[in-house]
Amino acid sequence: MRYLGGYKIALLTCSVIALSIYIAFYRIEFGNGNFQENRTGGKVSEKLFIGDDFMFMSIAEDIDRSHSLHYDYYRDSCPSAEKIIAKSIRDIYDVKPSVAPSLIRLLFHDCFIEGCDASVLLDADEAVTSEKEASPNLSLKGFDVIDAIKSELENVCPGVVSCADLLVLAAREAVIVAGGPFYPLETGRKDSAVAFKEIAQDQLPPPQATLSVILASFASRGFSVRETVSLFGAHSIGVTHCTFFESRLYNFSGTGKPDPDLNPRLLEELKTKCPFSVSASSPSASPGAGLVSSLPASDSENSYGESSGNRNDGEIDLSYNNEGGDENFGTRYYKRLMEKKGLLFSDQQLMGSEETELWVRAYASDPSLFRRDFAMSMMKLSSYHVLTGPLGQVRTTCSKVLPRN
């Protein structure tokens, strides 16, 4: 610096001061800019800058971290939360293995409709309609399990752990105990104060849905074909009812004949489990008609093939008495599709296009690939369109919204 003339030093000083004022000005302008909150609680600026100002945007997002999902969210407020949830699911599973498909299905029905906000857990009252009353949700189970765990959490950490976080963590543990992969989850979800009965009624894909309808339904929520096919692997556990596939046995698409894509040996076996009924012979008993269910399949305490009250509506174990063992969670499902042994029309449809068939064959032959993809897809599903920060609440009872102030 001693080799610079006085005027050069003065010029350099002025330049530094001017640059500092410029940066400070835009830093303040950015900080006072107009923001709108998205549903995840992150902040999105209406002003777009270039260069160093992108760094300021990242800083702003980091400052708002308390209103976003992150790992170990309850580290200080309820450090035992995840352990309590995991132990509860393991203890229940040891007595009642059907809890696993129940909770996975419950998660799907919650997250698929307006995001993972525990809205599916709400009971109807004077101010709230209930998603439980939508046709696809009438056979949902596991509410009592969530309520029991929530009660324990409230005893330990009152008003801290949301029902939305509880549900995604319980479903993850259900996947693990059923033989599926572990996957990390960020937490910090908040609970919805409203439910979406009409949307659940219209938008949950039925088991008779065509492949194009299924893919479009998932694509509208940001899931690729690969992710969609991987999520269907949850159909390797649980049960389904004859009602949801009996037209494939007796009157496929109104032809009066079985579905030609159904394995002949399996067809004869299923006919003994699901006797011919009037509904199966009805012209309306075709893909896209009938009662509504959805994936993952329902759970049951009944054993393979036992009746559920209606002798023509028996239950079929999707794992075929745990065929292949727990280590084949998912893989056995895809192998059966390749053998034309998918029970639901929507399942077997995955072999109906080159792109979906590609992933069916890949997952059938490579369990590690399936487990990785399934884990990633479940992470994505569990964080879909969540509420955070002031956008939601933490219910003390999962079936009831907090009183409005």
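Residues numbered from 1 in each chain as written. Predicted model: local features only at pLDDT ≥ 70, side-chain atom pairs only at ≥ 80, totals over all residues. Heavy atoms only, no water.

Asks: Looking at this structure, I do not really get the pattern of salt bridges. What am I missing?
Replies: Any two side chains of opposite charge can pair if their charged atoms end up close together. One pass over the full model with this rule turns up 14 salt bridges. Linking Glu357 and Arg361 is a salt bridge whose minimum nitrogen-to-oxygen distance equals 2.8 Å. Separated by four residues within a single helix, Glu357 and Arg361 lie in helix α15 (residues 354–365), roughly one turn from each other. Using a relative accessible area of 40% as the deciding quantity, one classes Arg361 as partly exposed. (Salt bridge = Lys/Arg side-chain N within 4 Å of Asp/Glu carboxyl O. Helix = DSSP H or I, 4+ residues; strand = E, 2+ residues; numbered from the N terminus. Buried < 20%, exposed > 50% of the residue type's maximum accessible area, 1.4 Å probe, protein only.)

Asks: Whenever I open this one, the packing of aromatic side chains confuses me. Can you help?
Replies: Two aromatic rings are characterised by how far apart their centres lie and by the angle between their planes. For the structure shown, the criterion picks out 16 aromatic pairs. Aromatic pair Tyr363 and Phe370: ring centres 5.7 Å apart, planes at 70°, arrangement edge-to-face. Taken as a pair, Tyr363 and Phe370 share a single burial class, namely buried. Through a chain of ring-to-ring contacts, three or more aromatic side chains come together here, namely Phe329, Tyr333, Tyr334, Trp359, Tyr363, Phe370 and Phe374. If you follow Arg221 out to its NZ or CZ, it ends over the ring of Phe112, 4.0 Å from the centre. (Phe/Tyr/Trp six-rings, centres within 6.5 Å; stacked < 30°, edge-to-face > 60°. Lys NZ or Arg CZ within 6 Å of the ring centre and 35° of its normal.)

Asks: Please clarify how the environment of Lys150 should be interpreted in this entry.
Replies: Tracing the sequence through the fold places Lys150 in helix α5 (residues 143–156). Residues Lys150 and Ala81, 69 residues apart in the sequence, show an inter-C-alpha distance of 9.9 Å. Beyond its immediate chain neighbours, meaning those up to four positions away, Lys150 contacts Val161, Cys163, Leu166, Val394, Arg395, Thr396, Thr397 and Cys398. (Contact = heavy atoms within 4.5 Å.)

Asks: Looking at this model, I keep getting lost on the nonpolar core. Mind explaining?
Replies: If you look at soluble globular proteins, the nonpolar side chains tend to sit buried side by side. Counting 78 residues, the largest nonpolar core has Leu103, Leu106, Leu121, Ile146 and Tyr334 as the members making the most contacts within it. If one sorts the elements of this core by residue count, helix α6 (residues 163–177) sits on top with 11 residues. For Leu106, the residues in contact, after removing those within four places along its chain, are Val120, Leu121, Leu140, Lys141, Gly142, Phe143, Ile146 and Leu167. Within the second largest apolar cluster, 14 residues are counted, among which are Cys242, Phe244, Tyr250 and Leu344. (Core = buried A, V, L, I, M, F, W, Y, C linked by side-chain atoms within 4.5 Å.)

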